[in-house]
Structure formats: structure tokens, C-alpha cells
Amino acid sequence: MDIKSFLRVVKKYKWLLILVPITVVVITYFLVQNLPKEYSSRVQISTGLLDPSKKVITNENTDLFQVSQQFNNIIEKFKMKRNINLLSYNLILHDLQNSNKSFRKYSDKIDSLNASQRTEVIKLFQEKLATKSILTLADNKGKYKLHDLVESMGYGEEALRKNIDISHLENSDYINIEYVSENPELSAYVVNNFAADFITNYSGEVSVNQNNSMGLLDSVLKQKESIMNTKNNSLASFKRNKGVLNLDEQSATVYAQINTYEAQRTELLRSIQSTQSALSVINSKLRGNDPLTAGSSRADNREIVRLKKERENATSVWVSNGFKSSDQSKVDSLTRIIQDKSNSNYDENVYDPRASKQALGTQKTALELQLAQAQAGVSTIDRQLSVLRARYNSMVPYDADIQNYQREADLATKEYMTALDQYHQNEAGKISGLQLKIEQLGLPGNAEPSKKIIYLAGSGFGSFFLCLAFVGLVFFLDNKIVSSRQLASATNSKSLGVLNRIEGNERSIREIWNDKSDNLNYDLYRDMLRSLRFEVDRLMSADDSKILGITSLVSGEGKTFVAYSLAYGFAMTGKKILLIADDAPVVKSDSKALAVSQNFQTFLIKKEIQTEDLITIMNKNTSGNSLLEMQSIKNLHAGFDVLRNQFDMIIIDVNSLRDINIAKEWLLFTEKNIAVFEYGKELSDNDKELVDYIKKTPGFLGWVLNKMQVI
């Protein structure tokens, strides 16, 4: 957005921005003088949702999101049409039944009813209140237009909604209901009656819903309990029929016994192997020629041999009879006798080989007895293992069946416990859940602060911004070019500079340049002209160009005055300037003349020119004849070559592009060109064609925005 352009439009419509807001404020002031006073009343309702003192379980966690939803649901129920209509019935019945204490003056529709008609209307409204019917336009089809009667008193749904405010402060346990009206008694009645009726109706609905829910949960709970008992009885019956009380514990016990016996059997087998190895060594010694074992006492030996045989027979009897203690005593007795005989034999002859042989025999006998005991123990353990494995294998087929029974029983029990928990939660929620209660009744209050100042300020600011929006709309719809940026954007080419408008008849560039007064307009023009001169000089010096053409889209855009101004501006830098232009747009006065004028056509014939000190002026052919009709192109180029040699810079005031035939001829002899565009004009479709033409002309430098208005 161009701020200067916008300020220009604002300046143009400044009286609109001032007068309209003032007018609106004055009108609003007279309108608000008769505004009635307003009275507000508020009732506070506690819910018990966030009040720990009203909870049975004080340490239970509160789901704030769920609580927020409950508050929103309650507020939305307050706003339901049915509840608003119940309030409308109460208000209209109050005024009809208490004509002396009615909150509002009777409307024309109410006044038109006689006593009997009012009685009938009261009866109809009481029926709708008792049945909690909704008030619709269909109620106008009866004998009495009930809907219109309510609306005529200002008790209609929309009127009540407009002035009732239902709110809940975050993290608060209270719901606030506020109503504003012209009567303090009416405001208090509305909030109190509205809150009381809602609590009664809502609590009744909640109670009915909770009772229905509890009945349904009780039925489900009994069904789950029956299923649980059936599954548990099936499990118990299967265990009794199969003789299994606790399959897991019994199988674990049997398995542990099997492990124990297998460990004992392994130990006995290890003992048997070691005993057999020892017997092999002893037998090897007894069969050898070792002098320690070769000889013996024959009598003793025969006795010991006899005793050993007797002990072997006793041992066999002991094993055969199943290890009876009496047989074992005989074996032990014989063992002691043999040991005593061997010891006696050894004491009598320490080095008697028969003693060593007898000792080996004794050891052999003991080991053989030990081996026999171990082998008998292995047999007994094997029989026990067979019994235990058979018992364990008999339990396996029952495992899958018991697991199925157990799983079904557990699932049924879990479902029953879930239903029981839900039943208890609902039962607890019924006791400690939502408990709406009026904590603070609405009371008639003082009048609300006057809103006249707000209305006045609102009307003033509102009208001002509306006018400002109108000005902005005008600005955006305005296609006038008022800045160099707009000019560059519209022409899609470069903007070289801006020159402000010079007012009045005193428009001699010499007077403007030499003015020493406090004329800010002249000061600005000089500064802008210097800036333009710098840009033009920089661009022309880049390739030593000397001939500058100045044109415009149409006549009257100030290109001639710009040409005179640039000529004077360059002359002030010490350059020798030739200006080929129409008559200068200045007051004809010798003192204000820029220089003595000569005729360009005469110069073309004689090739002679009288040069001035710094600025030489040639008047163009004002008859509008073609250059090419006066001289050939060759002669024209020769003439311009003469001029190039005599002057530092040649400025040509080219005809406007509307005279395209003459402008094209002059542009043949210029080296650089600039175009002048008047401030505040729009580009027409024809102008856009001319813009495209001048942009394509070789040596075109850019545009100059002329006659800019200074704000």
C-alpha cells in the first residue's frame, strides 16, 4: 500500500470522516436519552461435581475432562427449547393471574381479552405447563393465539434467550444464571423460577434414568451369578466323579515322589557298581600266589569256611523271606562269629598268610551282603516307581478337561465380579453423583450502570471506521497513478523521478531556481529536478549520448516545462545546452525569458545558429509539418551532427505520442528518450499501446511523474 496515495484519498474525504461520526454520535445521543434502566439478578447452583465436602468417597480421583463435559451438558439442557418454554408459561401465568403485580404492562393482545377469555387462556397455559409441552407457531391455530400472546409480552423464546446468561467458571462447582430486564422483580423471578424448575425436572429425569440403569444392571448381575454358579458346580462335580480334588497339587506331589525314588535308585545303582568292583579286587587277591594270602590255619580256615557257608545260607533265607528281622539277626550273628574267628586267627599268627586270607574273606562276605541289600533295594524302588508312574499317567487325561472347566468357571466369575463392581459404582454414583442445589437465590438488585457512554463511543468509532473503510474501498478501486512505484508497476518499466506541481502563472524556471523566499513548493521542485538531472546525466554519460528526447502520452502533461527545466538544470552545471522546443509555458516578459529563440527550420536551411552563453533555444515548426517533408533524412542527420559538435547536450521537446506520426520522426534523431506522465491520471487501453511502443524505442530511459501534489 502507498501511504502517500492513501493519505491523499483521506485528505479528499476528510470532511466525510469528520461530519459523519459527529452526526451519528449526536443522533445516538438523542436516541439513548429515553433508554430504560436495566436490573440484573443472578442465581448460583451447586452441582457437587467438584465439591469434596459433598462426596461420599473424598479421596477418589476426579476426571476433569468428564466433569467439564457434564457441565457443558447441563448448560445445554438449560438452553433447550422445552425449558425456555416452561419459563415462558410461568411468566405469562404470573402476569395473567396477578394483574396488579404483573411484571410488565399488558400488551394490546392481552388487553383485548375479557375476564372469561383470560380465564380460558390461563387454563390453556396451565395445561401446557403441566404436560411440559413445547410452544410453537402451531399454537396460533386455536381460538387464542397462545404463541403471539407470549411474544407480545416479551416472554418469547428469543427474547428470553437474549437476556439470559448461563455460565460456569472453570474449576468451579457452581453454575451461574443471570438475567437482565427493566424490572428488578422480573429479573429475580426469572432466574429463581428457571433454576428451580430445571432442578426439579432434571433431577427427576436423572433419578428415572438411574433407576432404569440399576434395574438393568441388577438383571444382568443375577444372570452372571447364575452362569457363575453353574460353571463352578460343573467343575466340582467333575472332580468328585473322577476322584480328583486338586489335580495340580496331587500331580505335583506324585511327580515329586517319582523324582525322590529315582534319585534313591540312582544312588543304589552307584553303590552296586562300587561294591562289585571291590569284590572283583578281593577275588583276584584270593586266587593269586601272594605269600600274605597263600597259607592259612587249616582248622580255623575250615571253621571260617563253614561259618561263611552257613551265613550265605542265612542270607539267602533272609532275602527270600523279604528281609525279616529275625533272619537278619541270624546273619548278623554269624558275621560277628566269623569276624571273631578271623581276628583270633590273626592274633595267634600275625604274619600268618591265612590271617590275611581270612581278612579278605571277611571283607568279601561283607561286600557281598551289602551288594545283595542294594540289589534288593533297587527292585523295591522299581516296583514303587511303576506304581507312581501309573498313578501320574492316569491323571494326564483329566488335565485338559479340568482346565476347560476351570477356565469357564474363572471367566464366569470374572464377568460376575465386573458386573458387581459396575453395580456398586452406579449405586455409589446415585448417592454421591450430581446433586443440583440452589446455593444463592437471585435477589432484586440496583440498576446496572448506564450504557449511554458505551453506545455513544460505539456509534462514534463504528461510524468513523465505516467511513474509513469506505475511503479504503475508494482507494483500492482508484486506478489513478499517484506515485513513482505505481507508475513503474503500471508501465512495467523504470521510473526516473518525480516533479511536483507548480501553481500560479509565475512558472519561469529561472524564477523558480533563483527564488530565495520560503516557498517550500519551489524548494521541493528544485530538489526533485536535481535528482532527475542526476539520473539522466548518469545514464547518458554511460555511452556519451548527447541528444535527449522528452515526450508524453498526450499533450498537456507538462513535457515542455520539464524540457525547459532540465535545460536550465543542466546549464547550471556549466554545460552548453541546445533546447529544441515549442514556446515555453511562461509569462511573456523580457525579464523572465530563458533565452533568445531561433527557428529550427531556418537552421536546417542555412546551417547557421547563434549560440548563447549556456542555453540556446530553437523553436520547432509549429505548423505540424513533417520533418521528412522539409528535409531529407541525410540532411537532417547532417544538421544534428553540426549541433552535436557545438553543444554539450541537446534536449528535444518531442510531440506527444498521440501525434505518433510526428513523434516517430523526431525520435529517429534522438539518442536517449524519457517520457512524462501526469500525476493522478489513469492508463487507458490506448495509452497502454503507446506505452508499449515507447518502451521498445531504442534508448528509452524511463518515466518522469510530473505535477505531483504535495500533501
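To start, this report covers the structure provided alongside it. Model, not experiment: these values are computed from the prediction.

1. Brief notes about empty space enclosed by the protein
Part 1 of the argument: For the structure on display, the rule yields three cavities of 30 Å³ or more.
Part 2 of the argument: Size it by volume and the largest cavity reaches roughly 50 Å³.
Part 3 of the argument: Every residue lining the largest cavity is listed: Lys77, Met80, Arg82, Asn83, Phe198, Asn201, Tyr202 and Glu205.
Part 4 of the argument: A total of four residues in the lining of the largest cavity trace back to one element, the largest contributor, which is helix 9 (residues 184-242).
Part 5 of the argument: A per-class count over the lining of the largest cavity returns three nonpolar, two polar and three charged.

2. A look at the side chain of Arg533
Part 1 of the argument: Checked against the element boundaries, Arg533 lands in helix 18 (residues 520-541).
Part 2 of the argument: Asp537 provides the closest opposite charge to the buried, unpaired Arg533, separated from it by 7.3 Å.
Part 3 of the argument: Excluding residues that lie within four positions of it along the chain, Arg533 makes contacts with Trp513, Leu566, Gly569, Phe570, Met572 and Thr573.

3. With respect to the pairing of strand 3 (residues 174-181)
Part 1 of the argument: Of the pairings in the sheet, the one linking strand 1 (residues 39-46) to strand 3 comprises eight bridges and is antiparallel in character. Bridge pairing links Tyr39 to Ser181 in strand 3.
Part 2 of the argument: Direction of pairing for strand 2 (residues 164-168) relative to strand 3: antiparallel, over a ladder of five bridges. If you follow Ser167 over to strand 3, its bridge partner there is Asn176.
Part 3 of the argument: Hairpin geometry of strand 2 and strand 3 is characterised by an intervening segment of five residues between the two adjacent antiparallel strands and by a positive phi of about 65° at Asn171.

4. A closer look at the pattern of salt bridges
Part 1 of the argument: Within this structure, the stated rule accounts for 21 salt bridges.
Part 2 of the argument: Between Asp139 and Lys128 there is a salt bridge, and its shortest N-O distance comes to 3.1 Å. Here Asp139 is found in the loop between helix 6 (115-131) and helix 7 (146-152), whereas its partner Lys128 is found in helix 6, with 11 residues between them in sequence.
Part 3 of the argument: As a salt-bridge pair, Glu535 and Arg538 come within 2.8 Å of each other at their nearest N and O atoms. Remark: Arg538 and Glu535 occur in helix 18; sequence separation between them is three residues, near one turn of the helix.

5. With respect to the environment of Asn446
Part 1 of the argument: Relative to the helices and strands, Asn446 resides in the loop between strand 4 (437-440) and helix 15 (452-477).
Part 2 of the argument: Put simply, Asn446 and Ser41 are 405 residues apart on the chain and 9.2 Å apart in space, counted from C-alpha to C-alpha.
Part 3 of the argument: What Asn446 contacts, discounting residues up to four positions off in sequence, is Glu38, Tyr39 and Ser40.

6. Remarks on a nonpolar patch on the surface
Part 1 of the argument: Judged by side-chain polarity, Trp15, Ile18, Leu19, Ile22, Val26, Tyr29 and Phe30 come together as a nonpolar surface patch covering roughly 760 Å² of accessible area.
Part 2 of the argument: With respect to the element layout, Ile18 can be found in helix 2 (residues 14-32).
Part 3 of the argument: Classification of Ile18 as partly exposed rests on a relative accessible area of 42%.

7. A short note on unusual backbone geometry
Part 1 of the argument: Of note in the backbone geometry, Lys132 takes a positive phi value of approximately 55° without being a glycine.
Part 2 of the argument: Relative to the elements of secondary structure, Lys132 occurs in the loop between helix 6 and helix 7.
Part 3 of the argument: At Asp544, a position not held by glycine, the phi torsion is positive, near 60°.
Part 4 of the argument: Following the sequence through the fold, Asp544 ends up in the loop between helix 18 and strand 6 (547-552).

8. Some points on the packing of helix 18 against helix 19 (residues 559-571)
Part 1 of the argument: Where helix 18 meets helix 19, the axes come as close as 10 Å, and the angle between the chain directions of the two elements is 80°. Classed by the angle they form, the pair helix 18 and helix 19 counts as roughly perpendicular. Contacts between helix 18 and helix 19 pair Tyr525, Leu529, Leu532, Arg533, Val536 and Asp537 from the former with Phe561, Ser565, Leu566, Gly569 and Phe570 from the latter.
Part 2 of the argument: Of the residues that constitute the contact of helix 18 with helix 19, the class distribution is seven nonpolar, two polar and two charged.

9. Digging into the nonpolar core
Part 1 of the argument: One finds Leu566, Ile580, Leu643 and Ile651 to be the most contacted residues of the largest nonpolar core, which totals 73 residues.
Part 2 of the argument: Take this core: its biggest share by element is nine residues, from helix 19.

Criteria and cut-off values
Residues numbered from 1 in each chain as written. Predicted model: local features only at pLDDT ≥ 70, side-chain atom pairs only at ≥ 80, totals over all residues. Heavy atoms only, no water. 1 Å grid on protein atoms, 1.4 Å probe; cavity = no way out; pocket = protein on both sides within 12 Å on 5 of 7 lines; lining within 4 Å. Points joined across faces, edges and corners; volume = space filled by probe spheres on them. Helix = DSSP H or I, 4+ residues; strand = E, 2+ residues; numbered from the N terminus. Nonpolar A, V, L, I, M, F, W, Y, C, P; charged D, E, K, R; others polar. Buried < 20%, exposed > 50% of the residue type's maximum accessible area, 1.4 Å probe, protein only. Lys, Arg positive; Asp, Glu negative; His and termini not counted. Salt bridge = Lys/Arg side-chain N within 4 Å of Asp/Glu carboxyl O. Contact = heavy atoms within 4.5 Å. Pairing = 2+ DSSP bridges. Patch = residues over 30% accessible without salt bridge, like charges linked within 9 Å, V, L, I, M, F, W, Y side chains within 5 Å. Areas by Shrake-Rupley, 256 points an atom, 1.4 Å probe, with all protein chains shown as cover. Axes fitted to C-alpha atoms, helices over the stretch in contact; angles between N-to-C directions. Parallel < 35°, antiparallel > 145°, perpendicular 65-115°, else oblique. Core = buried A, V, L, I, M, F, W, Y, C linked by side-chain atoms within 4.5 Å.

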